[in-house]
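Spelled out from the first residue to the last, the chains are:
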Amino acid sequence: MTFGQELKKLRNDNSMTQEQLADLIFVTRTAISKWETDNGYPSIDSLKAISNLFSISIDELISDADVENKKLLDKKIAKRMYFIAISFLGITVLFTLLAYFLKLPCFNVFSMGGLIGYLVFGLMSKPKYKRMQARKLIIPYIMSRVIIFTVVLAVVIYTLVTL
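Given the structure is predicted, the values throughout are model-derived calculations rather than measurements. (Residues numbered from 1 in each chain as written. Predicted model: local features only at pLDDT ≥ 70, side-chain atom pairs only at ≥ 80, totals over all residues. Heavy atoms only, no water.)

*Asks:* What should I look at first to understand unusual backbone geometry in this one?
*Replies:* It is generally the case that most residues other than glycine have a negative phi and that most peptide bonds are trans. A positive phi angle, near 50°, is found at serine 15, a position not held by glycine. Residue serine 15 is classed as exposed on the basis of its relative accessible area of 65%. Positive phi is not limited to glycine here, since lysine 103 has a value of about 55°. (Buried < 20%, exposed > 50% of the residue type's maximum accessible area, 1.4 Å probe, protein only.)

*Asks:* Explanation requested: the packing of helix H2 (residues 18-25) against helix H4 (residues 44-54) in the structure shown.
*Replies:* For any two helices packed against each other, one specifies the crossing angle of their axes together with the interaxial distance. H4 packs onto H2 with a crossing angle of 110° between their chain directions and a minimal axis gap of 10 Å. Considering the angle they form, H2 stands roughly perpendicular to H4. Contacts between H2 and H4 involve Leu21, Leu24 and Ile25 from the former and Ala49, Ile50, Leu53 and Phe54 from the latter. Residue classes in the contact of H2 with H4 are distributed as 7 nonpolar, no polar and no charged. (Axes fitted to C-alpha atoms, helices over the stretch in contact; angles between N-to-C directions. Helix = DSSP H or I, 4+ residues; strand = E, 2+ residues; numbered from the N terminus. Parallel < 35°, antiparallel > 145°, perpendicular 65-115°, else oblique. Contact = heavy atoms within 4.5 Å. Nonpolar A, V, L, I, M, F, W, Y, C, P; charged D, E, K, R; others polar.)

*Asks:* Would you mind showing me how to read the side chain of glutamate 36 here?
*Replies:* Topologically, glutamate 36 is positioned in helix H3 (residues 29-36). For glutamate 36, a relative accessible area of 10% puts it in the buried group. Separated by 2.8 Å, the side chains of glutamate 36 and glutamine 18 make a polar contact. (Polar contact = N/O pair within 3.5 Å; in protein donor to acceptor, adjacent residues only side chain to side chain.)

*Asks:* Help me understand the packing of H2 against H3, please; the structure alone is not making it clear to me.
*Replies:* Two numbers describe how H2 lies on H3: the axes approach to 8 Å, and their chain directions differ by 110°. Here H2 is positioned roughly perpendicular relative to H3, judged by the angle of their axes. Across from Gln18, Glu19, Leu21, Ala22 and Ile25 in H2, the residues of H3 making contact are Arg29, Ile32, Ser33, Trp35 and Glu36. Split by residue class, the contact of H2 with H3 holds 5 nonpolar, 2 polar and 3 charged.

*Asks:* Explain the pattern of salt bridges here, please?
*Replies:* Proximity of charged atoms lets side chains of opposite charge pair with each other. By the definition in use, this model includes 2 salt bridges. In this structure, lysine 9 engages aspartate 13 in a salt bridge whose closest nitrogen and oxygen atoms are separated by 3.1 Å. Separated by 4 residues within a single helix, lysine 9 and aspartate 13 lie in helix H1 (residues 3-13), roughly one turn from each other. Residue class for lysine 9 comes out partly exposed when judged on its relative accessible area of 41%. The salt bridge partner of glutamate 36 is arginine 11, with a shortest N-O separation of 2.5 Å. Taken together, the residues glutamate 36 in helix H3 and arginine 11 in helix H1 connect sequence positions 25 residues apart. In this pair, the class of glutamate 36 matches that of arginine 11, namely buried. (Salt bridge = Lys/Arg side-chain N within 4 Å of Asp/Glu carboxyl O.)

Next comes the structure, spelled out in structure tokens:
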């Protein structure tokens, strides 16, 4: 039984609505709905509150399947962030080249915006559980982002100087 099914069973066994449960553990009704449909998972604080409310251990609430579902959900979100990051990188390259060849420095503003978007979404493009595992490898990851940032920034500066 998944966490969502277990939560729904516990809530129904105690004759509670999603709204009532949400009020008792200080979350929104939509959060309860997401949890019950296995489209999201609660924070550790919410798990503790649910555990205390229903007098059940956290181990009984969460199964190995829930951990795998959480990993899959994290991977899905990370994949979306990766595609957004690549889109921003494409925007950066496009506007940098336009600024250079058309001699229009105003396009560099869009290049910088794309670069910032790339860096932000690029950092979020790794699933959360892998970011936790790879804390030792964070330096090479950040260095790769810094190198890309430096190359694009150099092109932007070169474009501005040659105008």
